[in-house]
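# Coordinate analysis (summary)
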Amino acid sequence: MDIPPLAGKIAALSLSALPLSYALNHISALSHPLWVALMSALILGLLFVAVYSLSHGKISYDPLYAVFAVLAFTSVVDLIIALQEDGYVMGFMEFCTKEGEPYLRTAHGVFICYWDGTVHYLLYLAMAGAICRRRRYRNTGLYWLGSFVMSILVFLTGNILGKYSSEIRPAFFLTIPYLLVPCWAGMRVFKQPRAPTCCTTHTVQEEQSRALLQRPADLALVIYLVLAGFFTLFRGLVVLDCPTDACFVYIYQYEPYLRDPVAYPKVQMLMYMFYVLPFCGLAAYALTVPGCSWLPDLALVFAGAIGQAQFSHMGASMHLRTPFTYRVPEDTWGCFFVCNLLYALGPHLLAYRCLRWPAFFQQPPPPGPPAHHKKQQ
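Owing to the predicted nature of the structure, the values given are computational and were not obtained by experimental measurement. Residue positions within a chain follow its written sequence, with the count starting from 1. For this predicted model, a pLDDT threshold of at least 70 governs which residues receive local features, and a threshold of 80 or more governs which side-chain atom pairs are given and counted, while totals over whole chains, interfaces and linings are taken from all residues. Based on all heavy atoms of the structure, the side-chain values leave hydrogens and waters out of the count.

### Digging into the confidence of the model for the protein chain
Do not read the fine detail of predicted coordinates wherever pLDDT is low. For the record, the criterion: As a per-residue quantity, pLDDT reports the predictor's confidence and falls between 0 and 100. Two residues form a contact once any of their heavy atoms are found within 4.5 Å.
Overall, the predicted model of the protein chain reaches an average pLDDT of 86, with 92% of residues at or above 70. For residues 371-377, every residue scores under 50 in pLDDT, and the model assigns this stretch zero contacts once sequence neighbours within four places are set aside.

See below:
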């Protein structure tokens, strides 16, 4: 997969979040939740105007350039919040976590901020850099789309259903556009043409004629998908209070974080059960039956979604902000870490396989017209 260059201008603009957040943190008027929400909306609006004024040509070519520029700025803000909550920096975003969005101070909130401030930030720079140079970024965009949607759905739902539901402030409603942006951006990304492949008709026919047992890598991926599907179903039943002994042992001895009243882990497991479980079945089918051209795109989306989700879930399960009774016990760290790491790694291997060797998933060429060997009378 061709990695696009990074956008230097957006990187420089996004770093203005550092002095701006430090200055805003020392304004006493921002001690009220309403003022925090209004100031945040004003800053994002002014930032959009600045980006539009400085990069009108790039926005005319692809409006997502402005979206990535604004989101890169918010990614730096999220990284500052995460570093501050873990005690690495001080005096920057205390007004936001105290009066604006107190749920960002949870272990889950800290780790989604880390992911947004690192992985999403690099993806924004890469996609903006691709727009500057008129290059494709469809694969990068699909990975970001899955990661972004999973992050925001779990976070918003957990805020409403969890113990912080009574602490929702006006700044919470600024996240509503975050539900609309992925829909619009996702449609634009999906409409982009796919990168051309160098597979010949002979290569496609030869690859698709091989049975599953003749493709060891695909067989291993199918086995992984079956096991991941069972693991997904099992953890979904665990958070739904299944009364079996296996579920009881697992939630108390292996992943007690699933009982945390913040509700993020429970929502995450239900997201897995309702969306990742069907994906495992569809992906296993596509690895068995040739010509499923939709799998490469779907694999990228779910690789991003599961990567973000597992990073936040694993980190929050062991973070000091999680109460001790809900943290992973020390004697089960190994089992917890291996199972969850493999769960996150598998979709990435699947996406890599689809992009690196796409011949099996391409539509088979139409049969040619029958040859006429007899002379016309």
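What follows picks up the thread again.
### A closer look at the packing of aromatic side chains
Given two aromatic rings, their pairing is described by the distance between the two centres and the angle made by the two planes. Under the convention used in this document: Working definition: rings of Phe, Tyr and Trp (its six-membered ring) pair if their centres are within 6.5 Å, and the pair is stacked with planes under 30 degrees apart, edge-to-face with planes over 60 apart, and tilted otherwise. Counting from the N terminus, the helices are the DSSP runs of H or I reaching at least four residues and the strands are the DSSP runs of E reaching at least two. Relative accessibility thresholds used throughout: buried, under 20% of the residue-type maximum; exposed, over 50%; partly exposed, between the two (1.4 Å probe, protein chains only). Here, a charge over a ring is recorded when the distance from Lys NZ or Arg CZ to the ring centre is within 6 Å and its angle to the ring normal is within 35 degrees.
Counted according to the given criterion, the structure contains 20 aromatic pairs. Centroid distance F234 to Y250: 5.2 Å. Interplanar angle 80°. Geometry classified as edge-to-face. Within this pair, whereas F234 is found in helix α11 (residues 216-239), its partner Y250 is found in helix α12 (residues 245-253), the two being separated by 16 residues in sequence. Look at Y250 and you get buried, because its relative accessible area is 12%. Centroid distance Y352 to W357: 5.9 Å. Interplanar angle 90°. Geometry classified as edge-to-face. Taking relative accessible area as the criterion, Y352 reaches 49% and is therefore assigned partly exposed. The ring of Y61 is capped by R134, whose NZ or CZ atom sits 4.0 Å from the centre of that ring.

### Considerations on the packing of helix α8 (residues 138-161) against helix α13 (residues 264-288)
The test is simple: Whenever a helix is involved, its axis is fitted only over the stretch in contact; in every case the axis is a line through C-alpha atoms, and angles between N-to-C directions fall within 0 to 180 degrees. With respect to orientation, any angle under 35 degrees is reported as roughly parallel, any angle over 145 as roughly antiparallel, any angle of 65 to 115 as roughly perpendicular, and every other angle as oblique. Each crossing is labelled by how the near helix is turned from the far one, with a counterclockwise turn of less than a right angle marking it left-handed and a clockwise turn marking it right-handed. Side-chain classes follow a simple rule in which Ala, Val, Leu, Ile, Met, Phe, Trp, Tyr, Cys and Pro form the nonpolar group, Asp, Glu, Lys and Arg form the charged group, and the remainder, Gly included, forms the polar group.
Remark: α8 packs on α13, axes separated minimally by 9 Å, with the N-to-C direction vectors making an angle of 135°. It follows from the interaxial angle that α8 and α13 lie oblique. Note that α8 runs across α13; the crossing there is right-handed. Of the residues in α13, those in contact with M150, L153, V154, F155, T157, G158, N159 and L161 of α8 are Y264, V267, Q268, M271 and Y272. Residue composition of the contact of α8 with α13, by class: nine nonpolar, four polar and no charged.

### Describing the packing of α8 against helix α14 (residues 295-318)
Relative orientation of the contacting elements α8 and α14 amounts to 45°, with a least axis distance of 7 Å. Between α8 and α14, the crossing angle belongs to the class labelled oblique. As α8 packs across α14, the resulting crossing turns out to be right-handed. Packed against α8, whose contacting residues are R138, N139, L142, Y143, G146, S147, M150 and S151, the element α14 presents D297, L300, V301, A303, G304, A305, Q308 and A309 at the interface. For the contact of α8 with α14, the residue count by class is eight nonpolar, six polar and two charged.

### Structural notes on the pattern of salt bridges
Under the convention used in this document: One side-chain nitrogen of Lys or Arg within 4 Å of one carboxyl oxygen of Asp or Glu is enough to make a salt bridge.
According to the stated counting rule, one finds 10 salt bridges in the structure shown. Residue E85 is joined to R321 by a salt bridge in which the shortest nitrogen-to-oxygen separation is 2.8 Å. You can see E85 sitting in helix α5 (residues 64-85) and its partner R321 sitting in the loop between α14 and α15 (333-356), a full 236 residues away along the chain. Residue R215 pairs with D218 through a salt bridge whose shortest N-O separation is 2.4 Å. D218 carries the same exposure label as R215, and that label is buried. One connected set of salt bridges, linked through shared partners, spans E207, R210, R215, D218 and R353.

### Remarks on α14
Where we set the bar: Helix span, as expected, comes to 1.5 Å for every residue beyond the first.
With 24 residues, α14 ought to run about 34 Å at 1.5 Å a step, and its terminal C-alpha atoms sit 34 Å apart, in line with that. For α14, the tally of buried residues reaches 21 of 24 residues, placing the bulk of the element in the interior.

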